[in-house]
Amino acid sequence: MLILTIENLAHSYGERTLFKNVSFNIETGDKIGLIGINGTGKSTLLRHIAQFDGGKDPETGVPGKVVPNGSCVIEYLEQNPDFDPEVSVIEQIFKGNSPMMTLLRNYEKLLEDTALHPDDKGTQRKLMETQQQMDQHFAWQLESEAKATLTRLGITDFNQKMKTLSGGQRKRIALAGVLVRPSDLLILDEPTNHMDNETVAWLEEQLQKRKGALLMVTHDRYFFDRVINRTLELDNGTAYLYTANYSGFLQKRAERRELENAAARKLQNIYRRELAWISRGAEARRTKKKDRVERFAEIEAAVKEKVNHQELEISSAATRLGKTVVELDHVSCFYEGVEYIHDFSYILLRDDRVGIIGANGVGKTTLMDIIAGRLQPDTGRVTIGQTVKIGYFSQHSEFPDEDERVLEYIKDAGNYVLAADGTYISAAMMLERFLFPPELQWVPIRKLSGGEQRRLYLLHVLMEAPNVLLLDEPTNDLDIPTLSVLEEYLDTFAGAVIAVSHDRYFLDRFAKRIFAVEEGGMLRQYPGGYSDYEKTKRLEALERDETENTLQGKVKNQNSRNKKEKQKIFTEEERASNELSAEEKNSEGSSDKLTFSEKIELEKLEEKIAGKEAESKMIEQEISLAGNDFVKIAKLSEELTRVEKELETLTERWVELSERDE
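It should be emphasised that the depicted structure is a prediction, and the values quoted were computed from it without experimental measurement.

Participant: Explain the pairing of strand β17 (residues 468-472) here, please?
Facilitator: Across a regular strand the side chains alternate sides, sitting on one face of the sheet and then on the other. Taking burial as the measure, the five residues of β17 include five buried ones, the bulk of the element. Side chains Val468, Leu470 and Asp472 of β17 all project onto a buried face; the interleaved residues Leu469 and Leu471 project onto the opposite face, where all are buried too. Pairing between strand β14 (residues 390-393) and β17: four bridges, direction parallel. Counted as the bridge partner of isoleucine 390 is valine 468 from β17. Pairing of β17 with strand β18 (residues 496-500), which is carried by five bridges, proceeds in the parallel orientation.

Structure follows, in structure tokens:
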């Protein structure tokens, strides 16, 4: 059923047109994802639709239309939601003027009043009357759902005042509100920002089950792919609608651009012919038909429009990196009695690609600050190599002066950059590659959109030609096209990369190792990307379950269920590669095949070997620093011999299992 019609929606400010002629319909069951470079107007478009405001065409002044089909209730989550500082959490959830919301707010207020004045007969009578109204309107389920959703999002004190909460908590409360309040169309602007992976997965499930229409901006591509069934792209002020999720959108956009390029080539040929005709001598020009001259002007304008289509490019070269990069030796960090990092050691290699994950507040940024040298550990030592040049893209853009002009800010990092191909690229040219045209290069930073500021900050970090990149939640505010280009840049980056991220796609795309920060400051290492980590955790959980059931005598039925679950975890391709054919079974025997426990052992061996190699290197360094302390040298040498023997044993076992796993 049709919910909403958008006709010729447009928006501009000054001489800059964000978009125009945006037209599409929203129907029940539509889950539309909005995609585009930051600064193209995605949030502005959502706001227009949420407010039933069609804007005006910047050229003709004709207003656009946002027309609901009958009564259309919209719930809208902004990037920075408004809130009433004096109301409680539950009152904020039940905001709005509908009879249902008013009833729920009254009920929650009467509950609070009754708790404060248990002997007040008048309050008790009003509470009973309101409870009857709740029964009549079937409001109990909504109240229960609201509290369950808040709890799942980490909010458990429902009577706490909004003014006492952090910005992240307020955003989660606003999200809970739009999820539980009934609506025909749910509009979400970056709902997954600053969420941990488990909460993102939960929200994904909620939106998949939702029956109403959805319009959303998100930079989480797995989330986009699994929830969305239609994609609306904003590209250079024009909107393109595809009946596809993110994967399908990529293919269909490529097809569209190929057709556009073919049309552009044809237009260029016509333009050249027309240019030759119109460029003939003065005598010939007097005889030219007026309509043909006008036609040439139209073709010329169209060619310029095609030529001005821009794609984001990143081109840079890293500074040469020496043998020693960053080494953490038994590092620990405490704050107000809480241990955020516990006895962590690691030697960062030149080409490392490390993803750091963990729940909010467990110490991920603390670890990044320690690696960057911004924070000293309470115990342990951090060694940073002499040739190391760290580029730190932090969660919050760092602008010393927001009145500084865009070009001046980039020149602070360098007037030019030496690209990998040996060419020199000026700051102004790099800005153009990052989609900052000349007219934007002279505006104050404060006038840029939030997304444009993040893109500018990223360019500033890269312009300094670092050889170690630290990225703290880069996916929070960077748009999908910028993230895709950043990932390609990291593929060829001549240095080490460490990134804190909740974006599963980004972690799978770039990471070769995952550090999981757990409660108590423990860090566990897992080889591969996020999907590899997730699979290992699920398999470990099944192993623990089997062990517990064996101890309790509950073996047969539960282990049968676990076996089915394991089969789900391995893909068809993985299972096929792990199964021997009938002939192989006859010739080699099924005993050569790795057992499930051996597969887990093989995955953990890589982590253990890396740890022993790091331990060996640190002991060698301690020996070299011991000078003439022969007693210490002898003790360290014994320890080194022990570690090397353990490393040899682990390596031999890894080779044995790897050969059987081929």
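Participant: Can you walk me through the packing of helix α5 (residues 140-152) against helix α6 (residues 167-180) in this structure?
Facilitator: When two helices pack together, their arrangement is given by the angle between the helix axes and the distance between those axes. It is the contact of α5 with α6, at a shortest axis distance of 9 Å, that shows an interaxial angle of 150°. With respect to their mutual orientation, α5 and α6 come out roughly antiparallel. Crossing hand, α5 versus α6: right-handed. Residues Leu142, Glu145, Ala146, Thr149 and Leu150 of α5 touch α6, and the partners they reach there are Ile173, Ala176, Leu179 and Val180. Residue classes in the contact of α5 with α6 are distributed as seven nonpolar, one polar and one charged.

Participant: Just checking my understanding: could you explain the packing of aromatic side chains for this structure?
Facilitator: The geometry of two aromatic rings is summed up by the distance between their centres and the angle between their planes. For the structure on display, the rule yields 16 aromatic pairs. Where phenylalanine 344 meets phenylalanine 515, the ring centres are 5.4 Å apart and the plane angle is 75°; that geometry is what we call edge-to-face. With phenylalanine 344 in strand β11 (residues 338-348) and phenylalanine 515 in strand β19 (residues 513-517), this pair connects stretches of sequence that are 171 residues apart. Residue classification places phenylalanine 344 among the buried positions, given a relative accessible area of 6%. Among the residues examined, phenylalanine 515 registers a relative accessible area of 4% and is labelled buried. A connected cluster of aromatic rings, assembled from ring pairs, spans Tyr222, Phe224, Tyr242, Tyr246, Phe249 and Tyr505. In this structure, arginine 226 is placed above the aromatic ring of tyrosine 222, and the distance from its NZ or CZ to the ring centre is 4.9 Å. Residue placement shows arginine 256 over the ring face of tyrosine 240; its charged tip is 3.6 Å from the ring centre.

Participant: Honestly, a nonpolar patch on the surface in this entry has me stumped. Any pointers?
Facilitator: A cluster of nonpolar residues, Tyr416, Leu418 and Tyr424, forms a patch on the protein surface that exposes about 350 Å² of accessible area. Relative to the elements of secondary structure, leucine 418 occurs in strand β15 (residues 416-418). Note on leucine 418: relative accessible area 38%, which makes it partly exposed.

Participant: In this structure, what is going on with the pairing of strand β20 (residues 523-527)? I would like to understand it.
Facilitator: Two elements, β19 and β20, share five bridges in a ladder whose sense is antiparallel. Across the sheet, phenylalanine 515 pairs through a bridge with glutamine 525, a residue of β20. Linking β19 to β20, which pair antiparallel, is a turn of five residues; within it glycine 520 sits at a positive phi near 85°.

Participant: What is the right way to look at the sheet that holds β11 in this model?
Facilitator: One key point about sheets: their strands pair by backbone hydrogen bonds, in either a parallel or an antiparallel sense. Spatial ordering of the open sheet is given by β11-β10-β13, a layout of three strands whose pairing is antiparallel. For this open sheet the edge positions go to β11 and β13 (379-384), each flanked by a neighbour on one side alone. On average, each strand axis in the sheet is tilted by 20° relative to the strand beside it, whichever way the strands run. Where strand β10 (residues 326-335) meets β13, five bridges bridge the pair, whose relative direction is antiparallel. By the bridge assignment, leucine 328 is partnered in β13 with valine 382. Docked against the sheet, helix α12 (residues 364-372) engages β10, β11 and β13, running at close to 135° with respect to β10.

Participant: What exactly am I supposed to notice about the sheet that holds strand β2 (residues 16-27) here?
Facilitator: On the basis of which strands lie adjacent, the open sheet formed by three strands has the order β2-β1-β4 and antiparallel pairing. Two strands close off the open sheet at either side, each with one partner strand: β2 and β4 (65-68). Averaged over all adjacent pairs, the angle separating strand axes in this sheet is 10°, with direction ignored. As paired elements, strand β1 (residues 2-13) and β4 share four bridges and run antiparallel to each other.

Participant: I tried to follow the environment of valine 354 on my own but got confused; where do I start?
Facilitator: On the secondary structure map, valine 354 appears in strand β12 (residues 353-357). A relative accessible area of 1% places valine 354 in the buried class. In the structure, valine 354 is positioned 143 residues away from valine 497 in sequence and 6.3 Å away in space, judged by C-alpha atoms. Residue contacts for valine 354: discarding those within four places in its chain leaves Tyr346, Val497, Ile498, Ala499, Phe510, Arg513 and Phe515.

So, how was this worked out
- Along every chain, residues carry numbers that run from 1 in the direction the sequence is written.
- Where local features are concerned, this predicted model is filtered to residues with pLDDT of at least 70; where side-chain atom pairs are given and counted, the filter is 80 or more; whole-chain, interface and lining totals use all residues.
- For side-chain calculations, the full set of non-hydrogen atoms in the structure is used, while hydrogens and water are omitted.
- Classification of residues uses two cut-offs on accessible area relative to the type maximum, computed with a 1.4 Å probe and protein chains only: under 20% is buried, over 50% is exposed, and between them is partly exposed.
- Secondary structure is summarised from DSSP: a helix means a run of H or I of at least four residues, a strand means a run of E of at least two, and numbering begins at the N terminus for each.
- Paired strands, in this sense, are two strands between which DSSP finds at least two bridges.
- The axes are straight lines fitted to the C-alpha atoms, using for helices just the contacting stretch, and the angles between their N-to-C directions are given from 0 to 180°.
- Just so you know how the angles are binned, under 35 degrees is roughly parallel, over 145 roughly antiparallel, 65 to 115 roughly perpendicular, and the rest oblique.
- If you view the pair so one helix is near and one far, a crossing is left-handed when the near helix is turned anticlockwise from the far one by less than a right angle, and right-handed when it is turned clockwise.
- Contact criterion: two residues are considered in contact whenever any of their non-hydrogen atoms come within 4.5 Å of each other.
- The classification used treats Ala, Val, Leu, Ile, Met, Phe, Trp, Tyr, Cys and Pro as nonpolar, Asp, Glu, Lys and Arg as charged, and all other residues, Gly among them, as polar.
- Pairing of aromatic side chains here covers Phe, Tyr and the six-membered ring of Trp, requires ring centres within 6.5 Å, and sorts the geometry by plane angle: under 30 degrees stacked, over 60 edge-to-face, intermediate tilted.
- Two conditions define a charge located above a ring, namely a distance within 6 Å from the ring centre to NZ of Lys or CZ of Arg, and an angle within 35 degrees of the ring normal.
- Two distance rules govern patches: like charges are joined within 9 Å, and nonpolar side chains (Val, Leu, Ile, Met, Phe, Trp, Tyr) within 5 Å, applied only to residues with over 30% relative accessible area and no salt bridge.
- The protein chains shown are the only cover counted for residues, whose accessible areas, like all others here, come from Shrake-Rupley with a 1.4 Å probe.
- For this analysis, a salt bridge means a side-chain nitrogen from Lys or Arg found within 4 Å of a carboxyl oxygen belonging to Asp or Glu.

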